[in-house]
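# Geometric and topological summary
If you want the building blocks of each chain, they are given just below.
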Amino acid sequence: MGNLPLEVKVEIPNGISYTQPTGLFINNEFVYPKDKKTFEDISPATEEVITEVYEAKEEDIDIAVDAAIEAYKTWSVSKPELRQKVLLKLADLIDENAELLSSIETYDNGKSLQNSKGDIALAAAYFRSCAGWCDKITGNVINTGGQHFNYTQRVPLVCGQIIPWNFPILMLSWKLGPVLATGSTTVLKSAEQTPLSALYIAKLLAEAGMPKGVVNIVSGFGKIAGAAIASHMKLDKVAFTGSTLVGKTIMKAAAESNLKKVTLELGGKSPNIVFDDADLDESIQHIITGIFYNSGEVCCAGSRVLIQSGIYDKVVAKLKKAAEAIKVGNPFDPDTFMGAQVSEVQMSKILQYIESGKEQGAKVISGGKRGDAKGYFVQPTIFGDVEGHMKIAKEEIFGPVVTLIKFDTVEEAIELANDTEYGLAAGIHSSDVNKCIGVANKINAGTIWVNTYNDFHPMVPFGGFHSSGIGREMGEEVFNEYTQTKAVRIKLNTSRF
Ligand code: NAI
Ligand code: MG
């Protein structure tokens, strides 16, 4: 403890070696936490320790928050051109380092390199999109008649942000993009399972010309560093992505401390509906990527597939074939689609759900077991004959497990789709656009994909209804979440003129 250098050499199994920062990134420098405590970071595909990193505790969060507050004084009134320049440079640096960043992500999280490469490209695209917003976030003049002049300003915020392990860089980009664009500042905590890529991005932020203290990044645990952020008295906002359970804790902590603004991106149990007039081969592809992309560790995974009865048997046969063709294993192999689950804990949770599905009488159509190789691998698993009351049909599994449910009518499909406490996303597959829009109108979810799935764009907002969260990321809407409105009403005396 305490002997760990602030930089270590890491050899990634694909042959790339690089220098990994290990400290807390505060004021554009990597520093030791006060008590110099470290924790181990595992590679889930090999079950080996990659390195240790330094852990932030409450007093370190205080120091990082003070840095963000100090930086706010100048960054919040900085020229939009400067913020744009930093964002564009950061996006370029991410592109230039895409191979390294995707390798770090795959090593740390276990996800396939294919998937990591997609994440990195989306992160760069999102920072670029935010760069375009810097000079377009403005207030209004409000004409109330008489002798008053009124204007509004969009005031940036000092933020705390807590991200999960399933998309470390992508979730970091969704959090930092609007901070940088609006003139806000932040303390961001990565997930304890995947601290590496955030620290590497920290290095790139400094290289991109970001003034010190604007973005501070710490590694640490939820119950200590995360809780310190959520309950901090000096933060204006907390943004969180993760489980619904922890989301509730965060909202409570925010309420009981200083009523800071809260945005939450939480869990889901999203329906993916296939009507009998859908293009079958296209739909199969979207069902497969909808659930097995990122080894199923996706908040909006299409984990409940609702299939119209006329095509049920055909869809089941095709899904079985497609799932069995998925390559699971060494995440660095370019052909691997599904790498390892993030941790032993997560893998065990998924395997328990699989057992409960079997016990409650659902039929295993494919998979249903842990992978053979060393590492936290789970086979792509499909359950047929699933009934609404079963645990696997109700609860978020967050793994490569999908339930197939048969329906007859459009009304029945809508009822089944909405039979959930969540409301993050839904998929609709049909060649009848009128049906698609009609059904989309009746489904309670923040994102509806029609004839596609897991299909994101920086301009399109993302977030949940009901227990899936509060607020939106991306699109124009996110900038409301990272500013508060100040209204100035001036009583004039223009009678002399
Ligand atoms: P989690 O919700 O505990 O972790 C997400 C983040 O929250 C991490 O950075 C963690 O350190 C932090 N955190 C944990 N407890 C906290 C607390 N009391 N105060 C403040 N921050 C806290 O998720 P976990 O335990 O890793 O995974 C459990 C389940 O959560 C998964 O099986 C999945 O169902 C869901 N999940 C959903 C995600 C999403 O994208 N919506 C992402 C990750 C997990
Ligand atoms: Mg790890």
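Residues numbered from 1 in each chain as written. Chains lettered and ligands numbered in written order. Predicted model: local features only at pLDDT ≥ 70, side-chain atom pairs only at ≥ 80, totals over all residues. Heavy atoms only, no water.

Within the protein chain, the secondary structure is distributed over 15 helices and 22 strands. Its C-alpha atoms give the protein chain a radius of gyration of 24 Å, within 12% of the compact-globule value 23 Å for 497 residues. Taken along its principal axes, the extent of the C-alpha atoms in the protein chain is 80 × 65 × 40 Å. Classification of the 497 residues of the protein chain by burial places 57% in the buried group. Considering only contacts within the protein chain whose residues lie at least 6 apart along the sequence, 73% involve residues at least 24 apart. With the model as given, the accessible surface of the protein chain reaches about 20,100 Å², and the carbon-plus-sulfur share is 52%. For the protein chain, the distance from the average position of its 49 positive side-chain charges to the average position of its 60 negative side-chain charges is 6 Å. (Helix = DSSP H or I, 4+ residues; strand = E, 2+ residues; numbered from the N terminus. Rg over C-alpha atoms; globule rule 2.2 N^0.38 Å. Buried < 20%, exposed > 50% of the residue type's maximum accessible area, 1.4 Å probe, protein only. Contact = heavy atoms within 4.5 Å. Areas by Shrake-Rupley, 256 points an atom, 1.4 Å probe, with all protein chains shown as cover. Lys, Arg positive; Asp, Glu negative; His and termini not counted. Charge placed at Lys NZ, Arg CZ, Asp CG, Glu CD.)

A word on helix α1 (residues 58–75). An α-helical segment advances 3.6 residues per turn. Residues three or four places apart therefore align on the same side. Along its 18 residues, α1 runs 25 Å from first to last C-alpha, staying within 8% of the 26 Å computed at 1.5 Å per residue. Every buried residue of α1 is listed here: D60, I61, A64, V65, A67, A68, A71, Y72 and W75. Projected down its long axis, α1 shows its buried positions confined to an angular sector of 160°, all on one face. (Expected span 1.5 Å × (residues − 1). Arc of directions from axis to C-beta.)

Right, let's talk about the sheet that holds strand β7 (residues 141–142) for a bit. Sheet architecture is open: 3 strands sit in the order β7-β8-β22, paired in antiparallel fashion. In this open sheet, the two strands that pair with only one neighbour each are β7 and β22 (483–491). The pairing of β7 with strand β8 (residues 148–156) spans 2 bridges and is classified as antiparallel. The partner of V141 across the bridge, within β8, is Y151. (Pairing = 2+ DSSP bridges.)

Moving on, we get to a negative patch on the surface. A cluster of acidic residues, D408, E412, E415 and D419, forms a negative patch on the protein surface. Relative to the elements of secondary structure, E415 occurs in helix α13 (residues 410–417). (Patch = residues over 30% accessible without salt bridge, like charges linked within 9 Å, V, L, I, M, F, W, Y side chains within 5 Å. Salt bridge = Lys/Arg side-chain N within 4 Å of Asp/Glu carboxyl O.)

Attention now moves to the packing of helix α2 (residues 80–96) against helix α4 (residues 113–133). One way to put it is that α2 packs onto α4 with a least axis distance of 8 Å and a crossing angle of 165°. By the angle class used here, α2 and α4 are roughly antiparallel. Seen along the crossing, α2 lies across α4 with a hand that is left-handed. Contacts between α2 and α4 involve Q84, L87, L88, L90, A91, D92, I94 and D95 from the former and I120, A124, F127, R128, C130, A131 and G132 from the latter. Grouping the amino acids of the contact of α2 with α4 by side-chain chemistry returns 10 nonpolar, 2 polar and 3 charged. (Axes fitted to C-alpha atoms, helices over the stretch in contact; angles between N-to-C directions. Parallel < 35°, antiparallel > 145°, perpendicular 65-115°, else oblique. Left-handed = near helix turned anticlockwise from the far one by under 90°. Nonpolar A, V, L, I, M, F, W, Y, C, P; charged D, E, K, R; others polar.)

On to the sheet that holds strand β17 (residues 381–384), then. The strand order across the open sheet formed by 7 strands is β16-β17-β18-β15-β14-β19-β20, and the pairing between neighbours is mixed. The sheet terminates laterally at β16 (363–366) and β20 (447–450), the two strands that pair on one side only. Averaged over all adjacent pairs, the angle separating strand axes in this sheet is 25°, with direction ignored. Pairing between strand β15 (residues 304–308) and strand β18 (residues 401–407): 5 bridges, direction parallel. Note on β18: the bridge partner recorded for L306 is I405.

Domains assigned within the protein chain are domain 1 (7–266 + 471–484) and domain 2 (271–458). For domain 1 and domain 2, the distance between their C-alpha centres works out to 30 Å. Contact with domain 1, which involves 36 residues of that partner, is made by 30 residues of domain 2. Counting the surface lost from both domain 1 and domain 2, the interface buries some 2,600 Å², and carbon and sulfur atoms represent 60% of this. Applying the counting criterion to the domain 1 and domain 2 interface returns 1 salt bridge. Ionic pairing is found between E47 and R370, a salt bridge with its closest N-O pair at 3.3 Å. The tally of links between domain 1 and domain 2 comes to 13 residue pairs in polar contact (both at pLDDT 80 or more). Counting only elements with at least two residues in the side of domain 1 that touches domain 2, the list comes to α3 (98–109) and α4. (Domains from an automatic or database assignment. Buried area = accessible area lost by both parts, 1.4 Å probe. Polar contact = N/O pair within 3.5 Å; in protein donor to acceptor, adjacent residues only side chain to side chain.)

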